[in-house]
Amino acid sequence: MSIPSEIEKIIERLNQELEIIERDATFGLNLIRNRLERFPDNQALIQLFATIGNYIVFVEISRRRIDYANIVLLAEVITDEQIQEIGQTLSDLLGR
């Protein structure tokens, strides 16, 4: 079965958003890493580093969910209910 166009659009937008988050988070981590080398005991920097690191984890988990959605959507047998569930899951992910 082919992926419905509405879901393809959501997946495309999710991938674009995730690329932006990953790029910005990586840039931020590199900046903070440089500061942490000079101030290794700075609790604010440590907390900020961990928080931004969580964004990278979010991107990885989100990409896995998208990959799983693609696998399910490309299955030979899929119900309308499964398609709706996938669409809702991806929409929720986009809202995050």
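You'll find the structure just up there.
The rules behind each value
Residues numbered from 1 in each chain as written. Predicted model: local features only at pLDDT ≥ 70, side-chain atom pairs only at ≥ 80, totals over all residues. Heavy atoms only, no water. Helix = DSSP H or I, 4+ residues; strand = E, 2+ residues; numbered from the N terminus. Buried < 20%, exposed > 50% of the residue type's maximum accessible area, 1.4 Å probe, protein only. Contact = heavy atoms within 4.5 Å. Areas by Shrake-Rupley, 256 points an atom, 1.4 Å probe, with all protein chains shown as cover. Lys, Arg positive; Asp, Glu negative; His and termini not counted. Charge placed at Lys NZ, Arg CZ, Asp CG, Glu CD. Salt bridge = Lys/Arg side-chain N within 4 Å of Asp/Glu carboxyl O.

(A) Inspection of the overall build of the protein at higher detail. In terms of helices and strands, the protein carries three helices and zero strands. Counting only C-alpha atoms, the protein reaches 55 × 20 × 15 Å along its principal axes. In the protein, which comprises 96 residues, the proportion classed as buried is 28%. A separation of at least 24 residues holds for 73% of the contacts in the protein among residues at least 6 apart in sequence. Surface exposure of the protein reaches about 6,900 Å², of which carbon and sulfur atoms provide 52%. Computed over 10 positive and 16 negative side-chain charges, the separation of the two mean positions in the protein equals 10 Å.

(B) Expanded view of the pattern of salt bridges. One pass over the structure, following the stated rule, counts three salt bridges. Among the salt bridges present, the one from R13 reaches E17, with a minimum N-O distance of 4.0 Å. You can see R13 and its partner E17 sitting in helix α1 (residues 5–38), four residues apart, about one turn around the helix. Owing to a relative accessible area of 46%, R13 belongs among the partly exposed residues under this scheme. Exposure remark for E17: the relative accessible area of 34% places this residue in the partly exposed category. Between R23 and D24 there is a salt bridge, with the nearest N and O atoms lying 3.8 Å from each other. For R23, a relative accessible area of 52% translates into the label exposed.

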